[in-house]
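Descriptive analysis of the structure
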Amino acid sequence: MNEPTPAASRAAKQPAISFEFFPPKTEEMEKSLWETINRLAPLTPSFVSVTYGAGGSTRERTHSTIARILKETELLPAAHLTCVGAARGEIDDIVARYHEIGVRHIVALRGDPPGGIGTPFFTHPDGYQTSSELVAAIKKRFPDVEVSVSAYPEKHPESPSFDADIDTLRAKVDAGATRAITQVFFDNDLYFRFLDRVRARGIEIPIVPGIMPMHNFKQARAFVTRAGTTVPEWLAEKFNGLDDDAETRKLVAATVAAGQVQKLNKHGVDTFHFYTMNRADLVFAICHLLGIRPASVQKAA
Ligand code: FAD
């Protein structure tokens, strides 16, 4: 659970972690993803998730990445799935295919508007219209599949209010979701305020913070801002003057993200989901600072 716990019981406990990857587009990207997976796997995450994009080829790549993780590693994969651009029957088939190969965890999402963030949202006329409909359909057909969903500490940009946003979360939980993973955030107070609102509404599932180390600050800032995440001025200032200095940027990014997770951990948060951007180095270092060691090191100790 992501609730503050007494310091004594926390001290002995290692945080639980999960990693998110995106499906590679090229052979070179695939090679780099597998180096990342092999580097991070010994940290024994609870699960690793693979995102789902628009368009058939991207979707096929999610499936093949998940299938390879199942075949070649001990990791438990979670497949992301959205309601966008497909009829219910097609989505049901995707879920059934995942189930058949052994996937038992789906991250169920509404998805972004087909025209991109900021354009009007619509789904396929015969498609699932909301994320909670998708969650309910998965749980009805496959009760043994665990379903995670999204949550937005700064509220979703399309949402008129926090209350409306939490209504959506409530509907997803009522439909059978048992974990929410948050959109990336950089101000921990936003997360704790959101957690208070969620708990006040009687929602008890874990709300796992989504942590994104900023490998390339400028690129990442543009990306997360579009998705509704505030990038505080103090954070921009830390990367100021480093546009041509990738090495220092990397050290700063690791320090910032490590500071964020350590502060969350100090306040009792014991589960973290890392947006790895398919890179291992910063995430590995941050996990190390959280006290997480590769399985072989744990055994030897
Ligand atoms: P929901 O939780 O269903 O809705 C979010 C909010 O939007 C609601 O609170 C509601 O207030 C508002 N809303 C929803 N529908 C409407 C509507 N029709 N009109 C007005 N307001 C509405 N995207 C991908 O394409 N692929 C991925 O793999 C992926 N993975 C993600 C993983 C995580 C952990 C997160 C946080 C996001 C991910 N996304 C992904 C992004 C996500 O698809 C977008 O943020 C999308 O815009 C909302 O999907 P959702 O399931 O979060 O929406």
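Whatever comes next refers back to the structure up there.
Below is a short write-up of the structure.

Rules and cut-offs
Once a new chain begins, its residue numbering starts again from 1 and follows that chain's sequence as written. The model is predicted, so local features are restricted to residues of pLDDT at least 70 and side-chain atom pairs to those at 80 or more, both for listing and for counting; the totals for chains, interfaces and linings are taken over all residues. Remark: hydrogens and water are excluded; side-chain values derive from all non-hydrogen atoms of the structure. Here a helix means four or more residues in a row that DSSP labels H or I, a strand means two or more in a row labelled E, and each is numbered from the N terminus. With the radius of gyration taken over C-alpha atoms, the globule rule is written as 2.2 Å times the number of residues to the power 0.38. Buried means the residue's accessible area, taken with a 1.4 Å probe over protein chains only, is under 20% of the maximum for its type, while exposed means over 50%, and partly exposed covers the values in between. What makes two residues a contact is simply this: any of their non-hydrogen atoms within 4.5 Å. The convention is simple: Lys and Arg are positive, Asp and Glu are negative, and His and the chain ends are not counted. The atoms used to mark charge sites are NZ of Lys, CZ of Arg, CG of Asp and CD of Glu. Distances are taken per atom, and a residue is near a molecule or strand as soon as one of its heavy atoms is within 4 Å of it. Pairs of N or O atoms are called polar contacts if they sit within 3.5 Å, as long as, within protein, a hydrogen donor faces a hydrogen acceptor (for residues adjacent in sequence, only side-chain-to-side-chain pairs). Computed with the Shrake-Rupley method and a 1.4 Å probe, the accessible areas treat only the protein chains shown as cover for residues. Note on residue categories: nonpolar means Ala, Val, Leu, Ile, Met, Phe, Trp, Tyr, Cys or Pro, charged means Asp, Glu, Lys or Arg, and polar means any other residue, Gly included. Pairing between two strands is assigned when DSSP locates at least 2 bridges connecting them. Axis definition: a line fitted to C-alpha atoms, limited for helices to the stretch in contact. Angles are taken between N-to-C directions and run from 0 to 180 degrees. By convention a crossover is right-handed if, when the strands point away from the viewer, the path from the first strand over the helix to the second runs clockwise.

Some remarks on the overall build of the protein chain
What the protein chain contains, in helices and strands, is 12 helices and 9 strands. Its C-alpha atoms give the protein chain a radius of gyration of 19 Å, within 12% of the compact-globule value 19 Å for 301 residues. Dimensions of the protein chain, computed from C-alpha atoms along their principal axes, come out at roughly 50 × 45 × 45 Å. With 301 residues in all, the protein chain has 50% of them scored as buried. The long-range share in the protein chain, meaning contacts at least 24 apart out of those at least 6 apart in sequence, stands at 78%. Looking at charge distribution, the protein chain has the averaged site of its 35 positive side-chain charges lying 3 Å from that of its 36 negative ones.

Notes on the site of the ligand
Taken together, 20 residues are adjacent to the ligand, and Ser131, Ser150, Tyr152, Asp165 and Lys172 come closest. Here an oxygen atom of the ligand sits 2.5 Å away from a polar atom, N or O, in the side chain of tyrosine 152. Contact between the ligand and serine 159: an oxygen atom at 2.8 Å from a side-chain N or O atom of the residue. Summarising the interface, the protein chains cover 81% of the accessible area of the ligand, which totals 970 Å² for the free molecule. Per element, the largest residue contribution to the shell around the ligand is 3 residues, and it comes from helix α6 (residues 162–174). For the shell around the ligand, the class distribution of residues is 5 nonpolar, 10 polar and 5 charged.

Concerning the sheet that holds strand β2 (residues 47–50)
One open sheet holds the 9 strands; their spatial order is β7-β6-β5-β4-β3-β2-β1-β9-β8, and the pairing between them is parallel. Because the sheet does not close on itself, it has two edges, and the strands there are β7 (207–208) and β8 (210–211). With 4 bridges connecting them, strand β5 (residues 146–151) and strand β6 (residues 179–182) associate as parallel partners. The partner of serine 150 across the bridge, within β6, is isoleucine 181. In the packing of helix α4 (residues 88–101) onto the sheet, the strands contacted are β3 (77–82) and β4 (105–109), and the crossing angle to β3 comes to about 175°.

What about the pairing of β6?
Every second residue of β6 is oriented toward a common face, with Arg179 and Ile181 on one face and Ala180 and Thr182 on the other, all of them buried. Viewed along the sheet, the connection from β5 through α6 into β6 turns out right-handed. Examined bridge by bridge, β6 and β7 share 2 bridges and lie parallel to one another. Its bridge partner being in β7, isoleucine 181 is matched across the sheet by valine 208.

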